Amino acid sequence: MDWISTLLQAPTTSIFWQLVASGVAVGMIYATIAFGYQLTFATSKTLNFGQGEALMLGAMLGLTLLPYLGYWLMLPVILIFGMAQGAVVERLGVRPAIETKSEFGWIMATIALGIIFRNMAENIWGRDDLKFPSPLPETAIELGTVRILPAEIMVVVGALLMMAAVETFNRRSIYGKAFVATSNDIDAAGLMGIDTRRVITMSYAMSSMTAAFAGVLVAPVTLTGATMGAVLALKAFAVAIIGGLDSALGAIVGGILLGVIETLTGYYVSTGYKDVPGLILVLIVLAIRPAGLFGRRTIKKV
Amino acid sequence: MLKVQDLKAGYGRVEVLHGLSFHVPKGELVTLIGSNGAGKTTTLRAISGMLRPQSGAILLGDADIAGLPSHQVARRGLAHSPEGRRIFPSLSVEDNLRLGAFVRLTGVREKGDVEADFDRMYDLFPRLKERRAQQAGTLSGGEQQMLAMGRALMSRPEILLLDEPSMGLAPRLVEGVFDTIRRLKEEHVTMLLVEQFAAMALDVADHAYVLENGRIRFQGAAKSLRNDPAVRSAYLGGH
Ligand SMILES: Nc1ncnc2c1ncn2[C@@H]1O[C@H](COP(=O)(O)OP(=O)(O)O)[C@@H](O)[C@H]1O
Ligand SMILES: [Mg+2]
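Small disclaimer: the values here were computed from a predicted structure and weren't measured.

1. Quick word on a nonpolar patch on the surface
Residue and element names in this part refer to chain A.
Turning to step 1, where the next piece is worked out: A grouping of V269, Y273, V276, I280, I284 and I288 is seen on the molecular surface, where their side chains present a nonpolar patch of about 580 Å² in accessible area.
Turning to step 2, where the next piece is worked out: Position of Y273 relative to the elements: it lies in the loop between α10 (248-268) and α11 (276-288).
Turning to step 3, where the next piece is worked out: Overall, Y273 belongs to the exposed group, its relative accessible area being 51%.

As structure tokens, this is what we get:
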């Protein structure tokens, strides 16, 4: 347990907080992708297992558009592209499975589409990792003894803004309420005149949009390449299980928890073990709170 | 207003309705009674598009709506308060009502004064006003039934389908539900009411159909069925 004493030694506490800060940044990316899983799960009880590829496509296309549009003009284009990509996944992969009442068809279909997108990206952009220039200064900001990259701050702020925007839409607008109604009771929502098939398509569009956005957020702090999304999507899936599939707060807390645990383990134990504590956490949560730490069960009285 | 012709519907390969024909004239209250499993709910589900009919015609006004998905039927002015109430448990009472007006708020049907209709619902169901901000899932059964009816009315429907609004309620609350139905009738809301409480349904209705094993067994003016010996012994328990 010499890592505990390392941890407690005064000069290294700044390293500790440093690690926490990068853990939070990574965690917010997981949270954003997990939030995307929640969106489609809410409407259709299905998940887009190609979320990682939606993220990757956002980052890669963003990189391609960067010289023409600049970072800030590129963002709305990527958001729209993400929506279109998500809608395509739903129409090609998910709707046929739902309509034929195939219980697990969507799993294979979304995974297959993810692989196709990854192969396409490898053919278009090659197999090498590329550098995504940050729109912000590359020099770290000093907060006390902790040094944080502006791009990392942007990840946290951007992710929170994106989730807040979607949540506000759901709570305030009539279409957002239609989304919640569909997730409550899809048949009853149809009786209200809500086109629930379109709501499901839109949930996929919004889910991929958040992933594509996460892609351009994370790209400046990691490497950008065709395979960048796969591991992120898997981690985010763990986060969705830890936090619950129906709580945005759960996604954020779960994401930060996993991100921080990972970076700390990577530094104090070994990078080889960095994924282990997070997976143990998943197993623990599944055993004691299968709905996730923040998973709610709505009260239903008759 | 609503005309059903030779409707056949069921689940999978099983046919539950074997060719029903009936109609609901504008401004009238028609009731469909019959014992448990007769096919009342299936009939309403086939009309509102929750279930795709196997054959037959369902005329709403002049248009055949048979086979249309439920959201399109709703957009044509049919509201269905389904069996089991099916309110949106995680949304507030007010949002449940607002979603009832979805077709109006989104410009599919004439908007009119939605805010005034909120007041009308709160006037009809004062309990809902007290609980307007509360999560609908926390309401009692009686309150949920009021909400389901209010939500259906918020669309300002041409016709309202009610599936056993009295189900699972204490006798006093059943009275309340029927009072509401009477009041809606005075306002000339066209209604198709499905009930197991046949006596009460026959008391409020203009016309009645008795369903048995997916077929219409009797039909006639509600008053005359109320006094028909065959109907009385089979469905009214001699009362
Ligand atoms: N979802 C379903 N799947 C298969 N059979 C059903 C389903 N719902 C109802 N049925 C059958 O259809 C028949 C009519 O049911 P229903 O319309 O619910 O009757 P009622 O509303 O008059 O009690 C019953 O025999 C019932 O078992
Ligand atoms: Mg029934």
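2. Looking at the side chain of E53 of chain A
Turning to step 1, where the next piece is worked out: Structurally, E53 of chain A is set in helix α3 (residues 51-99).
Turning to step 2, where the next piece is worked out: In this structure the side chain of E53 of chain A is engaged in a polar contact, spanning 3.1 Å, whose partner is the side chain of R118 of chain A.

3. Observations concerning the UniProt feature "transmembrane region" (unreviewed entry) in chain A
Turning to step 1, where the next piece is worked out: Following the UniProt record, the feature "transmembrane region" (unreviewed entry) maps to residues 15-37, 104-121, 141-166, 249-270 and 276-295 of chain A here.
Turning to step 2, where the next piece is worked out: Helix makes up 65% of residues 141-166 of chain A and strand 23%, and the two end C-alpha atoms of the span are 30 Å apart.

4. Brief notes about the interface of chain B and chain A
Note: interface size is frequently given as the accessible area lost on complex formation between the parts.
Turning to step 1, where the next piece is worked out: Counting residues at the interface gives 29 residues for chain B and 22 residues for chain A.
Turning to step 2, where the next piece is worked out: Roughly 2,300 Å² is buried in total at the junction of chain B and chain A, and carbon and sulfur atoms are behind 65% of that figure.
Turning to step 3, where the next piece is worked out: Broken down residue by residue, the surface that chain B buries against chain A is led by F88, L99 and F102 of chain B, which jointly contribute 23%.
Turning to step 4, where the next piece is worked out: Our count for the contact surface shared by chain B and chain A stands at three salt bridges.
Turning to step 5, where the next piece is worked out: A salt bridge links R86 of chain B to D187 of chain A, with the shortest nitrogen-to-oxygen separation between them at 3.4 Å.
Turning to step 6, where the next piece is worked out: At the boundary of chain B with chain A, the tally comes to six residue pairs in polar contact (both at pLDDT 80 or more).
Turning to step 7, where the next piece is worked out: Residue assignment for the side of chain B that touches chain A shows that the elements contributing at least two residues are α2 (70-75), α3 (93-100), α4 (102-105) and α7 (141-153) of chain B.
Turning to step 8, where the next piece is worked out: A breakdown of the residues in the side of chain B that touches chain A according to their chemical character gives 11 nonpolar, 12 polar and six charged.

5. Quick look at the packing of helix α5 (residues 150-172) of chain A against helix α8 (residues 196-218) of chain A
Residue and element names in this part refer to chain A.
Turning to step 1, where the next piece is worked out: α8 packs onto α5 with a crossing angle of 165° between their chain directions and a minimal axis gap of 10 Å. When the axis of α5 is compared with that of α8, the two are roughly antiparallel. The handedness of the crossing between α5 and α8 comes out as right-handed. In this structure, α5 uses M154, V155, G158, A159, M162 and V166 to contact α8, whose residues at the interface are M206, M209, T210, F213, L217 and V218.

6. Let's talk about the site of ligand 1
Residue and element names in this part refer to chain B.
Turning to step 1, where the next piece is worked out: Looking at ligand 1, the residues that line it are Y11, V16, S35, N36, G37, A38, G39, K40, T41 and T42.
Turning to step 2, where the next piece is worked out: In this structure, N36 approaches ligand 1 through a side-chain N or O atom, which is 3.2 Å from an oxygen atom.
Turning to step 3, where the next piece is worked out: Separating an oxygen atom of ligand 1 from a backbone N or O atom of G39 is a distance of 2.9 Å.
Turning to step 4, where the next piece is worked out: Calculation on ligand 1 without its partners gives an accessible area of 550 Å², and the protein chains cover 57% of this total.
Turning to step 5, where the next piece is worked out: The element contributing the most residues to the shell around ligand 1 is helix α1 (residues 40-48), with three residues.

7. Description of the coordination of the magnesium ion (ligand 2)
Residue and element names in this part refer to chain B.
Turning to step 1, where the next piece is worked out: Around the magnesium ion (ligand 2), the protein supplies T41 (OG1) and E83 (OE) as donor atoms, at distances of 2.0 Å. Of this pair, T41 sits in helix α1 while E83 sits in the loop between β6 (78-81) and α3; the two residues are 42 residues apart in sequence, bridging distant segments of the chain.
Turning to step 2, where the next piece is worked out: The class for T41 is buried, based on a relative accessible area of 18%.

8. A short note on the sheet that holds β6 of chain B
Whenever strands of a sheet pair, they do so through backbone hydrogen bonds, lying parallel or antiparallel.
Residue and element names in this part refer to chain B.
Turning to step 1, where the next piece is worked out: A sheet is described by the order of its strands in space; here six strands give the open sequence β6-β7-β8-β3-β9-β10, paired in mixed fashion. The sheet is open, and its two borders are formed by β6 and β10 (215-221), each paired with just one other strand. Across the sheet, the axes of successive neighbouring strands diverge by a mean angle of 15°, strand direction being ignored.
Turning to step 2, where the next piece is worked out: Inspection of the sheet shows strand β9 (residues 207-212) paired to β10 by six bridges, in the antiparallel sense. Note that in β10 the partner of H207 across the bridge is A221.

9. Quick word on the pairing of strand β3 (residues 29-33) of chain B
Residues and elements named next belong to chain B.
Turning to step 1, where the next piece is worked out: The buried count for β3 comes to five of five residues, which makes it a mostly enclosed element.
Turning to step 2, where the next piece is worked out: Alternating positions in β3 separate into two faces, L29, T31 and I33 on one and V30 and L32 on the other, with burial throughout.
Turning to step 3, where the next piece is worked out: Relative to β9, β3 runs parallel, the two sharing four bridges. What sits directly across from T31, in β9, is A208.

10. A word on the nonpolar core
One broad rule of soluble globular proteins: the nonpolar side chains tend to lie buried together.
Turning to step 1, where the next piece is worked out: Judged by nonpolar contacts, the single largest core of 81 residues is most densely connected at I29 and I194 of chain A together with L99 of chain B.
Turning to step 2, where the next piece is worked out: Take this core: its biggest share by element is 16 residues, from α3 of chain A.
Turning to step 3, where the next piece is worked out: Not counting the four nearest positions on each side in its chain, L99 of chain B is found in contact with I174, K177, A178, A181, M192 and I194 of chain A together with F88 and L91 of chain B.
Turning to step 4, where the next piece is worked out: Within the second largest apolar cluster, 48 residues are counted, among which are I33, L128, M149 and L153 of chain B.

11. Side note on the sheet that holds strand β5 (residues 63-64) of chain B
Residues and elements named next belong to chain B.
Turning to step 1, where the next piece is worked out: Strand order across the open sheet formed by four strands is β2-β1-β4-β5, with antiparallel pairing between neighbours. In the strand order of this sheet, the two ends are held by β2 (14-24) and β5, each with one partner.
Turning to step 2, where the next piece is worked out: Looking at chain direction, strand β1 (residues 2-11) and β2 are connected through eight bridges and run antiparallel. Looking at the pairing, K8 lines up with H18 of β2.
Turning to step 3, where the next piece is worked out: Sitting on the sheet, α1 touches β1, β2 and β4 (55-60), and the angle it makes with β1 is about 110°.

12. Describing the pattern of salt bridges
All names here are of chain A.
Turning to step 1, where the next piece is worked out: Under the counting rule described, the total for this entry stands at 27 salt bridges over all chains.
Turning to step 2, where the next piece is worked out: Residue R95 is joined to E90 by a salt bridge in which the shortest nitrogen-to-oxygen separation is 3.8 Å. We note that R95, like E90, is buried.
Turning to step 3, where the next piece is worked out: The salt bridge involving R171 is made with E167; its shortest N-O contact spans 3.0 Å.

Quick notes on the rules
- Residues numbered from 1 in each chain as written.
- Chains lettered and ligands numbered in written order.
- Predicted model: local features only at pLDDT ≥ 70, side-chain atom pairs only at ≥ 80, totals over all residues.
- Heavy atoms only, no water.
- Patch = residues over 30% accessible without salt bridge, like charges linked within 9 Å, V, L, I, M, F, W, Y side chains within 5 Å.
- Areas by Shrake-Rupley, 256 points an atom, 1.4 Å probe, with all protein chains shown as cover.
- Salt bridge = Lys/Arg side-chain N within 4 Å of Asp/Glu carboxyl O.
- Helix = DSSP H or I, 4+ residues; strand = E, 2+ residues; numbered from the N terminus.
- Buried < 20%, exposed > 50% of the residue type's maximum accessible area, 1.4 Å probe, protein only.
- Polar contact = N/O pair within 3.5 Å; in protein donor to acceptor, adjacent residues only side chain to side chain.
- UniProt positions renumbered as here; feature names shortened; annotations may be inferred.
- Contact = heavy atoms within 4.5 Å.
- Buried area = accessible area lost by both parts, 1.4 Å probe.
- Nonpolar A, V, L, I, M, F, W, Y, C, P; charged D, E, K, R; others polar.
- Axes fitted to C-alpha atoms, helices over the stretch in contact; angles between N-to-C directions.
- Parallel < 35°, antiparallel > 145°, perpendicular 65-115°, else oblique.
- Left-handed = near helix turned anticlockwise from the far one by under 90°.
- Near = heavy atom within 4 Å.
- Donors = N, O, S within 2.8 Å, 3.2 Å for Na, K, Ca; no water.
- Pairing = 2+ DSSP bridges.
- Core = buried A, V, L, I, M, F, W, Y, C linked by side-chain atoms within 4.5 Å.

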